[in-house]
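# Fold and contact review
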2 protein chains.
Amino acid sequence: MGIVVQKYGGTSVAGVERIKVVAERIAKTAAQGNDMVVVVSAMGKATDDLVKLAHEISAVPHAREMDMLLSAGERISMALLAMALNEMGRDAISFTGSQAGILTDTSHTKARIVEVKAHRIERALAAGKIVIVAGFQGVSTELDVTTLGRGGSDTTAVALAAALKADVCEIYTDVKGVFTADPRIVRNARKLNSVTYEEMLEMAASGAGVLALRSVEFARTHGVVIHCRSSFTDEAGTVVKEEVEQVEKALVTAVSQDTSEAMIRVDGVPDRPGIAAKIFSDIARERINVDMIVQNVSHDGKTDLTFTMPKEDLIRSGDAVRRIISEIGAEGFSADSDIAKLSLIGAGMKTDPGVAAEMFSALAEHGINIEMISTSSIRISCVVRSMDINRAVKIIHERFGLAGAPSMSPAGRG
Amino acid sequence: MGIVVQKYGGTSVAGVERIKVVAERIAKTAAQGNDMVVVVSAMGKATDDLVKLAHEISAVPHAREMDMLLSAGERISMALLAMALNEMGRDAISFTGSQAGILTDTSHTKARIVEVKAHRIERALAAGKIVIVAGFQGVSTELDVTTLGRGGSDTTAVALAAALKADVCEIYTDVKGVFTADPRIVRNARKLNSVTYEEMLEMAASGAGVLALRSVEFARTHGVVIHCRSSFTDEAGTVVKEEVEQVEKALVTAVSQDTSEAMIRVDGVPDRPGIAAKIFSDIARERINVDMIVQNVSHDGKTDLTFTMPKEDLIRSGDAVRRIISEIGAEGFSADSDIAKLSLIGAGMKTDPGVAAEMFSALAEHGINIEMISTSSIRISCVVRSMDINRAVKIIHERFGLAGAPSMSPAGRG
């Protein structure tokens, strides 16, 4: 008997029939006495199609016009969803990002929400209406249409849930929740009933695509409980919240893989203070998000410096490095796209230093070479050859007994 | 060196290549030193496609949601057009109906413009930008998205031209202008260099589809000069304005046909005062736009009463008549869809009573039966069998010598 925010992704509203199914699900939740606010993405591949059109006209379209263009997609899905609810006899009303009071900064195509003025939504809820809101979009302080970048609809949903003090923010996708590993790789991967914000953040940053990183950050900051679930079943999914019940507090929670990054190694770098700073300030100026950085112990006053970045930034990164090679007195550099990152995540690992050793030996036993290592207090990531990644995920999932469902088999396998 | 408003219809922006051509035309007009405001429709059949989607979900979609849905179409075309201009190195910015200050009443799907607050457009023009505006849409006094109904983009363009005191409002379509007859029917139909608002209104109401009736009304009220022309050539089209130069003041200007109407005849109606009022107030309550009404001289105290209405309203009209047949004591009624309306229009005919007689005899000479007649001071319309309409148009076009180009052959043929 509170406010429920639901978010449906593009796959869930990809066609008229699916929109009708979503409308039925919404009506069902509303019939339980909840006030409903529903955030929708554009239908199916609609946004991708618009991006394609834009690029047929301009290699680098102006960001303001790009946002104007892309914001059309959610208008279509949200109006159709409101019509479907109206057709079922439910009173529904759709709001654009602007009408919903999603105020953003002026960073077109990747705007940040600065405030949510939800008066209009609140009035509509008070009038007994189901409110449908366009995900992914807002209005800037300059009164221009903005979009929130990749995963923006998740962020819209979480921001509205925070502003409206909703009981829960349900994020509907085409998967059943968060798993101990990608079920396409690991057949017996297990759906997690709950994970902490911290774990979800590490997983999102390590390649698990279920929830957008920014929406999880937003949820943690504002204490919004996210329920990540499938729009194709009635099964409960995965709840993301601050603290997870004791019964689930395993040593490790999940393993994930990321094949979206590439690596550059700068060879024969003079081991002097300021060299790394020089390289990475030049890279940063190119707005490239460097992920892992490893510097070997120096040998004869020279060292190697290796870092990873998104594959699409490899060419620009290489150009930046090439420009400074002679300036810093390095011997050369090489680029490598055939890498993948394997990550093991778990809140329980904070207090157990043995997890890393166990992970490294499992990989070594199967002849998988580790090229880079990076850790946080609840994550260990290793870069391996991309051809080894699926095997590595299976090995680690098995070694840490992640398939054992704790609720069904209390002893577990881990 | 003033403000030029241009409007491009769906055919002109139907694809990426056409959008680029339109951008070049805009840039050319801008290069002549004009401030440019460009109104665009949705791409090609985009609006029709959206209407179809809506009807797959709901037979009678809520009008507010319909407007939200349909307004997506112009966002796409206008953003792409702005991108195309930016790509050519021109500074362009797109505005939604709301951002352009098109304020309407709350009659969703057929809203009327109540005010144009063009401050934002004026600021953008002052900053040297080419302004692209979404046609067909506005924002209501309740802050909801509205659309202006059929031909709404023409109305947007004329309203902006009036508000900005533009030199001219150029309406680009896929035809070269206004012709003396439909060139698909009459091969030697002649393009008119100019017509008066009054003539254009009569022509629009008589089936000539070049300009939307409401936009011409708006232009007349505000004295906006419309230049109706093709986006596929550089030729001048037809100018619509208050007074037309003497050289063009022919007796008649154009002939048009309308096959969109149907007819109902109520038989054996008692010839008593109040009967016609009863019938047409019931029809009006159904929101059916009756066009022509003819009542025969009574015979034995009974008369026939015939009227026409849009074909799509025939069934509802029939239902309304059926309900009152016995109440008014009529003998019965019949419906007929196989009719067509032939109209002859000309400002010169005001002072020449011989035109009607000439028209009737021309039709009679060719054995074409006239079923109804209606006239205004500058128009004569006859209802004929639909199978006769194309022949009738050719006969009347020929009889009044409309093909003779007055500027090339001053004697003319009329």
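Computed from a predicted model, the values in this text were never measured in an experiment.

From N to C terminus, chain A includes 12 helices and 20 strands. Taken against the 2.2 N^0.38 rule, which gives 22 Å for 414 residues, the C-alpha radius of gyration of chain A at 23 Å falls within 12% of a compact globule. Along the first, second and third principal axes, the C-alpha set of chain A runs to 75 × 55 × 30 Å. Taking the contacts inside chain A whose residues are at least 6 apart along the sequence as the reference set, 74% of them involve residues at least 24 apart.

Below, the discussion takes up the interface of chain A and chain B. With 25 residues of chain A at the interface, the matching set in chain B holds 25 residues. Element by element, the count of residues in the side of chain A that touches chain B is highest for helix H4 (residues 72-87) of chain A, at 10 residues. In terms of residue class, the side of chain A that touches chain B is built from 16 nonpolar, 5 polar and 4 charged.

A separate point is the sheet that holds strand E10 (residues 194-196) of chain A. All names here are of chain A. Pairing is mixed across the open sheet formed by 8 strands, whose spatial order is E3-E6-E2-E1-E9-E11-E12-E10. In this open sheet, the two strands that pair with only one neighbour each are strand E3 (92-95) and E10. Taking the axes of each pair of neighbouring strands and ignoring which way they run, one obtains an average angle of 20° across the sheet.

Residue and element names in this part refer to chain B. Tracing the sequence through the fold places alanine 277 in helix H9 (residues 275-285). Here alanine 277 falls in the exposed class, since 9 other C-beta atoms lie within 10 Å of it. On a C-alpha basis, the gap between alanine 277 and alanine 362 in space is 35 Å, while along the polypeptide they are 85 residues apart.

Residue and element names in this part refer to chain A. Strand order in this open sheet of 4 strands is E13-E18-E20-E19, and the pairing throughout is antiparallel. Each edge of the sheet is formed by a strand with only one pairing partner; in this case those strands are strand E13 (254-258) and strand E19 (372-376). Each strand of the sheet is rotated relative to its neighbour by a mean of 20°, with strand direction disregarded. Along the sheet, helix H7 (residues 197-205) makes contact with E13, strand E18 (339-345), E19 and strand E20 (379-385), crossing E18 at roughly 170°. The strands touched by helix H11 (residues 354-365) are E18, E19 and E20; relative to E20, the strand with the most contacts, the crossing angle is about 20°.

We now examine the relation of the copies chain A and chain B. Each of the two chain copies can be brought onto the other by rotation about an axis and movement along it. Each copy of the sequence occupies a distinct position, and chain A is placed on chain B by a rotation of 180° and an axial shift of 0.0 Å, giving an RMSD of 0.1 Å. A rotation of that kind, with that shift, is consistent with a two-fold axis. Across chain A, the rotation axis passes nearest the C-alpha of A:Ala72, at a separation of 2.5 Å. When you check the interface residues of chain A against chain B, 100% turn up at the interface there too, and the contact is symmetric in its surfaces.

Residue and element names in this part refer to chain A. Among the 7 residues of E18, 7 are classified as buried, and the element is accordingly described as predominantly covered. Burial along E18 is two-sided: Ile339, Lys341, Ser343 and Ile345 facing one way and Ala340, Leu342 and Leu344 facing the other are all buried. As paired strands, E13 and E18 are joined by 5 bridges and run antiparallel to one another. By the bridge assignment for E18, aspartate 258 is matched with lysine 341. Judged from the 7 bridges that link them, E18 and E20 form a sheet pairing that is antiparallel. When the sheet's bridge partners are listed, leucine 342 is paired in E20 with cysteine 382.

A few words now on the confidence of the model for chain A. The predicted coordinates ought not to be read in detail in places where the model reports low pLDDT. All names here are of chain A. For chain A, the average pLDDT comes to 91, and 96% of its residues sit at 70 or higher. With pLDDT under 50 throughout, residues 406-414 is counted as low confidence; its partners more than four residues away or in other chains account for 16 contacts. The ipTM for the predicted assembly is 0.81, set against a pTM of 0.84.

On to the environment of A:Gly301, then. Residue and element names in this part refer to chain A. Take glycine 301: it is sitting in the loop between strand E15 (293-295) and strand E16 (302-310). When the C-alpha positions of glycine 301 and methionine 68 are compared, they lie 54 Å apart, and in sequence the two are 233 residues distant. Discounting residues that sit within four places of it in the chain, glycine 301 has contacts with Pro270 and Asp271.

All names here are of chain A. The buried fraction of H7 is high, at 8 of 9 residues. Listed as buried for H7 are Tyr197, Glu198, Glu199, Met200, Leu201, Glu202, Met203 and Ala204. Glycine 207 lies just past H7 and shows a positive phi near 110°.

A few words on the pairing of strand E14 (residues 261-270) of chain B. Residues and elements named next belong to chain B. In this sheet, strand E16 (residues 302-310) lies alongside E14 in antiparallel orientation, the contact comprising 8 bridges. For valine 269, the partnering residue across the bridge sits in E16 and is threonine 303. Here 5 bridges tie E14 to strand E17 (residues 332-336), and the two strands are oriented antiparallel to one another. The residue of E17 that forms the bridge with isoleucine 264 is alanine 335.

Here the focus is helix H4 (residues 72-87) of chain B. Residue and element names in this part refer to chain B. With 16 residues, H4 should reach 22 Å at 1.5 Å per residue; the first-to-last C-alpha distance of 23 Å fits that figure. With 15 of 16 residues buried, H4 is to be regarded as a mostly interior element. Phi turns positive one or two residues past the end of H4, at glycine 89, with a value near 85°.

Let us look at the packing of H4(A) against helix H2 (residues 46-57) of chain B. The contact between H4(A) and H2(B) brings their axes to 9 Å, and the two run at 30°. In this view, H4(A) runs roughly parallel relative to H2(B), as classed from their interaxial angle. In this structure, H4(A) meets H2(B) at a crossing whose hand is right-handed. Residues A:Ile76, A:Leu80, A:Met83, A:Ala84 and A:Glu87 of H4(A) touch H2(B), and the partners they reach there are B:Leu50, B:Leu53, B:Ala54 and B:Ile57. A per-class count over the contact of H4(A) with H2(B) returns 8 nonpolar, no polar and 1 charged.

Conventions and cut-offs
- Residues numbered from 1 in each chain as written.
- Chains lettered and ligands numbered in written order.
- Predicted model: local features only at pLDDT ≥ 70, side-chain atom pairs only at ≥ 80, totals over all residues.
- Helix = DSSP H or I, 4+ residues; strand = E, 2+ residues; numbered from the N terminus.
- Rg over C-alpha atoms; globule rule 2.2 N^0.38 Å.
- Contact = placed C-beta atoms within 7 Å.
- Nonpolar A, V, L, I, M, F, W, Y, C, P; charged D, E, K, R; others polar.
- Pairing = 2+ DSSP bridges.
- Axes fitted to C-alpha atoms, helices over the stretch in contact; angles between N-to-C directions.
- Buried ≥ 20, exposed ≤ 12 C-beta atoms within 10 Å, placed from the backbone.
- Least-squares fit on C-alpha atoms with pLDDT ≥ 70 in both.
- pLDDT = per-residue confidence, 0-100.
- Expected span 1.5 Å × (residues − 1).
- Parallel < 35°, antiparallel > 145°, perpendicular 65-115°, else oblique.
- Left-handed = near helix turned anticlockwise from the far one by under 90°.

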